[in-house]
Amino acid sequence: MRSCDVLIVGGGPAGSTAARALRRAGADVLVLDRERFPRLKLCAGWITPEVVRELEMDPDSYPHRFLTFPRLRVHYRALSLPVPCVQHSIRRFEWDAWLLERSGAPLEQHNVREIVPDGDGYRIDGLYRCRYLIGAGGTRCPVYRALFRELNPRAHELQIVTLEHEIEYDWQDPDCHLWFCEHELPGYSWYVPKEGGWLNVGIGAIAARMKSDGLGIKEHWARLAERLSGGLTRGAHYDPAGYSYYLRGNVEVVRRDNAFITGDAAGLATRDLGEGIGPAIRSGLRAAAAIADGAPYRLDDVTGASVGSIARSMLTRAAHTLGAPGRSRRAPGGGPVDGLRHRDQ
Ligand SMILES: Cc1cc2nc3c(=O)[nH]c(=O)nc-3n(C[C@H](O)[C@H](O)[C@H](O)COP(=O)(O)OP(=O)(O)OC[C@H]3O[C@@H](n4cnc5c(N)ncnc54)[C@H](O)[C@@H]3O)c2cc1C
């Protein structure tokens, strides 16, 4: 049986962030993930400046695709509002693998099924033993299932369903577009350009409200695809896939003895825009601090509101524009960007 101080189930942003912090603190850490990295993760890949800062990520030395949008374009019925701000995109396929490798933690490919408390620690599938266990396995995390589900049942009214596709596409519009409540969608759809001619298009909405409101997500998708093919993404072909996760609810119990849940396993995404990466990273850092320093494990304030981040970055953007007028760069895979794309070609 393989033994370690800390076993982390799941190598997404929550797991890799916890792994990195624990390795830095000198802990003996092992990450288990059922997938082989780099792996596909359905996600628009929009990240905030807070995420970049909290990860101590230097976009200039990041070896993969990283794009800063010149602005968001928010569409609501007949309104179309340009929001100049500083927000970014990455490809999860590349970014998650990079974060995990950067953590320095060993990774084993293993689909965790059975978790059994064992003295002051846990046994996993009869193959691994650890003193501390971090559940970072996303919505269907086995640590959540085995140790937390009964105490923190999922709130169905907070379940988000999604459909999305990330394609190689020579986009011309470098803005990130968000369409709210189109055709009574209880959520929004997006167009998120990525550096180097990649593009993510998707829909996310509250499952319970969509069912009662008539149109299903596939019908919403068909309308979105039709609109995009008539304009922003002419000639593109989509074959979308779906996934579901949970917006932040009352997460009462996030630690049980030496077991912790983080990220989507705890259901921490923001209530306004379903942003889950930032809360995943913050909860991963907190779990690591609880184990390494004995800090309390509290997640009350890890979620916040995504519009707060957007508003803060509008101010940053305004200050930058005032300080550096006339800056202009060209976005690869797209048209001219009159602002902050922080990667030189
Ligand atoms: C379509 C879509 C678009 C989204 N867009 C955005 C966005 O643009 N910005 C944003 O901030 N958030 C977005 N989110 C939410 C975001 O993707 C998640 O909140 C975030 O990935 C959570 O990170 P995590 O580390 O908790 O879990 P995950 O990233 O899901 O990682 C969990 C890992 O656990 C592994 N795992 C699962 N089960 C097991 C098992 N039994 N054994 C071993 N390993 C296992 C998985 O393989 C996976 O690698 C989106 C979500 C969806 C579905």
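Residues numbered from 1 in each chain as written. Predicted model: local features only at pLDDT ≥ 70, side-chain atom pairs only at ≥ 80, totals over all residues. Heavy atoms only, no water.

1. Focus: the pairing of strand E11 (residues 128-135)
Moving on, step 1. Burial of E11 is extensive: 6 of the 8 residues sit out of reach of the surface.
Moving on, step 2. When strand E1 (residues 2-9) meets E11, the two strands line up parallel, connected through 7 bridges. Bridging across to E11, serine 3 finds its partner in arginine 129.
Moving on, step 3. Relative to E11, strand E10 (residues 121-124) runs antiparallel, the two being bridged by 3 bridges. Note on E11: the bridge partner recorded for tyrosine 122 is cysteine 130.
Moving on, step 4. What sits between the antiparallel neighbours E10 and E11 is a turn of 3 residues, in which aspartate 125 has the positive phi angle 55 degrees.
Moving on, step 5. By the bridge criterion, 3 bridges tie E11 to strand E18 (residues 259-261) in an arrangement that is parallel. Its bridge partner lying in E18, leucine 133 is registered against alanine 259. (Buried < 20%, exposed > 50% of the residue type's maximum accessible area, 1.4 Å probe, protein only. Helix = DSSP H or I, 4+ residues; strand = E, 2+ residues; numbered from the N terminus. Pairing = 2+ DSSP bridges.)

2. Examining the packing of aromatic side chains
Moving on, step 1. Inspection of every chain in the model, using the stated rule, returns 6 aromatic pairs.
Moving on, step 2. The interplanar angle of 85 degrees and the centroid separation of 4.8 Å between the aromatic rings of tyrosine 62 and tryptophan 98 together place this pair among those described as edge-to-face. Of this pair, tyrosine 62 sits in the loop between helix H2 (49-54) and strand E4 (66-68) while tryptophan 98 sits in helix H3 (residues 92-103); the two residues are 36 residues apart in sequence, bridging distant segments of the chain.
Moving on, step 3. Residue class for tryptophan 98 comes out buried when judged on its relative accessible area of 18%.
Moving on, step 4. Seen in terms of ring centroids, tryptophan 221 and tyrosine 238 are 5.7 Å apart; in terms of plane orientation they differ by 85 degrees. Their pairing is edge-to-face. Taken together, the positions of tryptophan 221 in helix H6 (residues 217-229) and tyrosine 238 in the loop between H6 and strand E16 (241-246) put the pair 17 residues apart, joining distant regions of the chain. (Phe/Tyr/Trp six-rings, centres within 6.5 Å; stacked < 30°, edge-to-face > 60°.)

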